[in-house]
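# Overview (structure and organization)
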Amino acid sequence: MKKKYNVLQILTKVYGSTLKAVPFSGILGILNYLVQGMFPAVTALISAGLFDAAYLLTREGDTLTCVIFYGSLFVGTYAVVYILQFISSITINAGIYERCTSYYHMMLSEKAAKLPLISFEDTEVLNLQSRAKDCAEREILSQIYMSSTVFITSGISVISTISVLAFYNIWLVPVSIFSVLPYVVARVLRGKEFYLLKKAQAKKARRLEYLWGLFHNKQAVKEMRVMGFGEYLAQKWTETRDEVNEELWQQNMKDGKSMLLCDTLKIAGYGLSVLLALLYAVKGDISIGVFGACITAFKAMQEAAKSFLIDLGNMPEKTAFANDYFEFLDLPEDRNGTVRIDGIKQGVVLSHVSFAYPNSDGYALKNISFTIHKGEKIVVLGVNGSGKTTLSKIILNMYPPSQGEVRYDGVLSSEIDKSSLYTYVSVVPQNFVSYSLTIRENIAISDLAHLQDDSLIKQSLVSSGLQSLLNEVGGLDEQLGREFGGKELSGGQWQKIAIARGLFKTSELIILDEPTSALDPLLETEILQQFLEIARDKTAVIISHRVGLCKMADKIIVMKDGRICEMGTHYDLIRKDGEYRRLYTAQEQWYR
Ligand code: ADP
């Protein structure tokens, strides 16, 4: 997965994407800085002429013409630079920063949408994504674009101003250069340390985000209030935040100290140069005008060199962040097969499927083989952690098997076109979403072609036992959920809505991953029986850790430690006197 880009490659990529996202502002930004690069040298030359002309006017009664000429040039140069700065500051802020940042965010979202779903189970990918997001949010790529442009400008300023200084007196050059060199050392060292620190902090940053999110999740807030662990979580958040801030603070302190040392050296260098120039002026080696211009030029050169060296020193840190961004964009995308299907006419066959999560030692599924025949109603039964949800994701072709194969009507899962498969498949996940949308949307969002089909939606509500809810709410376009002032539903009602949504999609295979596990066993069985009634023409896989529905299933698959330990009908398995019988006997009293 690691792919390191060098600075030049990063710069090429940053320039490419900036000029693609905001060509006008990008080019204007470069032009502006290039013109500004010549400014210090030009003003030094003009001010030398102006000072000398003014000196001659006051001391030797020379004509005003020269002063007016240099004065106009001086003012004109400033005017041009200010106008350019004004125009480019608008285009740079609005274009290179704001528009580019939203472009980079969009690229990250588009990429995330194309990643294989299994990537989201990989902590390395999640950390890389978090760092790439950090890079976009902190506008690092735009900063690289701007500072590399400023870097070139400062380079031009330094070289042209050094030439002017050398022209006046060669000794002014080394003094000015030595006074700014410490900046680069400080920036390179600190910059790298800062990146490494941020990299190490990615996991903590995600934890902070997670804990913060809990305080904005109404379920979690209610639970923490009643159970009294809100303070514990708040403290955990504070501790993590303090840890992160302390590390950053230490780093910034180090940074601040080295910058202070650099500034002191710079001031000393400046003082030395003024002294040297004064000596030459007193000796008569340079004119008064050149002395004045020399000081201005020296200051400008110091500023340009400082900016040049700081930008150079900051590059390793910035490009390291940018590397994460481009590395994330380079992650392999979900491979989609090309074979389209027009229905699941025979069924789904799993042969010797094993599956291991990324960065995980053991297998979550081991050597699973069975067939889902068309029209069959299968219950996958097992205690928590036995591999049921993982199996559902394999059946849905969300995760590729690590070993073995899955075929849909004979087509290998890796070769099938997923969009054609998903036309015929529906799912009601364990952690389904209760959408704060209208009741119409909550049902028909799974089949947008029928979003306005009132009678179909009403029929779906009635057959899912939601007629009374519809009467209560008053109409299909009424808002559900309290977020936007709509009606809040009970847990059971949301579950019925989720199942109705799953069934509303015209699918041939539907998978129910314990959406009712939070309900009491009798209510769960009632809802699932209703589900089976509506899904009678479909192939259905129902995942459960309860035996309530098993008598009605065509086939029961009992999972244990990632393996299928038993398979058959209720009566087969009861006779077998194994795991199923054990589970059934333990739960039997719930259904009396
Ligand atoms: P069930 O649905 O039966 O409760 P799961 O399929 O969720 O079981 O989990 C099966 C096994 O896989 C468990 O040991 C669980 O810890 C492991 N597992 C689940 N999700 C992940 C993940 N994202 N990364 C690593 N291991 C996981």
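Residues numbered from 1 in each chain as written. Predicted model: local features only at pLDDT ≥ 70, side-chain atom pairs only at ≥ 80, totals over all residues. Heavy atoms only, no water.

From N to C terminus, the protein chain includes 18 helices and ten strands. Computed over C-alpha atoms, the radius of gyration of the protein chain comes to 35 Å, more than 25% over the 25 Å expected from 2.2 N^0.38 for 592 residues, which places it beyond the range of a compact globule. Summarising its shape, the C-alpha atoms of the protein chain cover approximately 120 × 55 × 50 Å along the three principal directions. In the protein chain, which comprises 592 residues, the proportion classed as buried is 48%. Restricting the contact set of the protein chain to residue pairs at least 6 apart, pairs at least 24 apart contribute 76%. (Helix = DSSP H or I, 4+ residues; strand = E, 2+ residues; numbered from the N terminus. Rg over C-alpha atoms; globule rule 2.2 N^0.38 Å. Buried < 20%, exposed > 50% of the residue type's maximum accessible area, 1.4 Å probe, protein only. Contact = heavy atoms within 4.5 Å.)

Topologically, T18 is positioned in helix α1 (residues 7-21). The exposure class of T18 is buried, given its relative accessible area of 0%. In terms of polar contacts, T18 uses its side chain to reach the backbone carbonyl oxygen of V14, at 2.7 Å. T18 has contacts with P23, C100, Y104 and Y145, leaving out every residue within four places of it along the chain. (Polar contact = N/O pair within 3.5 Å; in protein donor to acceptor, adjacent residues only side chain to side chain.)

For the rest of this paragraph, the subject is the site of the ligand. Taken together, the residues surrounding the ligand are E121, Y357, A364, V383, N384, G385, S386, G387, K388, T389 and T390. For the ligand, a nitrogen atom lies 2.4 Å from a polar atom in the side chain of E121. Within the complex, 63% of the 560 Å² of free accessible area of the ligand lies under protein. When its residues are assigned to classes, the shell around the ligand shows three nonpolar, six polar and two charged. (Near = heavy atom within 4 Å. Areas by Shrake-Rupley, 256 points an atom, 1.4 Å probe, with all protein chains shown as cover. Nonpolar A, V, L, I, M, F, W, Y, C, P; charged D, E, K, R; others polar.)

Moving on, we get to the nonpolar core. In terms of nonpolar packing, the biggest core is built from 44 residues, with F531 and Y580 touching the most fellow members. With seven residues, helix α15 (residues 491-504) is the largest single contributor of residues to this core. In this structure, F531 is in contact with I499, L503, I510, L512, A540 and I542, ignoring residues within four places of it in sequence. Counting residues in each nonpolar core, the second largest holds 37 residues, with I96, L128, F328 and L331 among its members. (Core = buried A, V, L, I, M, F, W, Y, C linked by side-chain atoms within 4.5 Å.)

Before going further, it helps to spend a moment on the packing of helix α3 (residues 65-114) against helix α4 (residues 123-137). One way to put it is that α3 packs onto α4 with a least axis distance of 9 Å and a crossing angle of 160°. By the angle between their directions, the pair α3 and α4 is classed as roughly antiparallel. As α3 packs across α4, the resulting crossing turns out to be left-handed. Where α3 approaches α4, its residues T101, Y104, H105, L108 and A112 are matched on the opposing element by Q129, A132, K133, A136 and E137. In the contact of α3 with α4, the residues fall into five nonpolar, three polar and two charged. (Axes fitted to C-alpha atoms, helices over the stretch in contact; angles between N-to-C directions. Parallel < 35°, antiparallel > 145°, perpendicular 65-115°, else oblique. Left-handed = near helix turned anticlockwise from the far one by under 90°.)

This part covers a nonpolar patch on the surface. A surface patch of nonpolar side chains, amounting to about 410 Å² of accessible area, comprises L19, I27, L31, L34 and I152. With three residues, helix α2 (residues 23-60) is the largest single contributor of residues to the nonpolar patch. I27 gets classed as partly exposed once you look at its relative accessible area, which sits at 48%. (Patch = residues over 30% accessible without salt bridge, like charges linked within 9 Å, V, L, I, M, F, W, Y side chains within 5 Å. Salt bridge = Lys/Arg side-chain N within 4 Å of Asp/Glu carboxyl O.)

Moving on, we come to the sheet that holds strand β5 (residues 411-412). One open sheet accounts for four strands, arranged β2-β1-β4-β5; its pairing is antiparallel. Edge positions in the open sheet fall to β2 (365-373) and β5, since each of these has one partner strand only. (Pairing = 2+ DSSP bridges.)

Across the sheet, which stays open at both edges, the six strands sit in the order β6-β7-β8-β3-β9-β10 with mixed pairing between neighbours. The open sheet has two edge strands with one neighbour each: β6 (425-428) and β10 (563-568). Going from strand to strand, the sheet's axes swing by 15° on average, the running direction of each strand aside. Where β6 meets strand β7 (residues 509-513), four bridges bridge the pair, whose relative direction is parallel. Along β7, the bridge assignment pairs S426 with I510. Against the sheet, helix α10 (residues 388-395) contacts β3 (377-381), β7, β8 (539-544) and β9 (555-560), and its axis sits at roughly 160° relative to β7. Where helix α18 (residues 579-587) meets the sheet, its contacts fall on β3, β9 and β10, and the angle it forms with β9 comes to roughly 95°.

Note that all results are geometric; they support no functional claim without further evidence.
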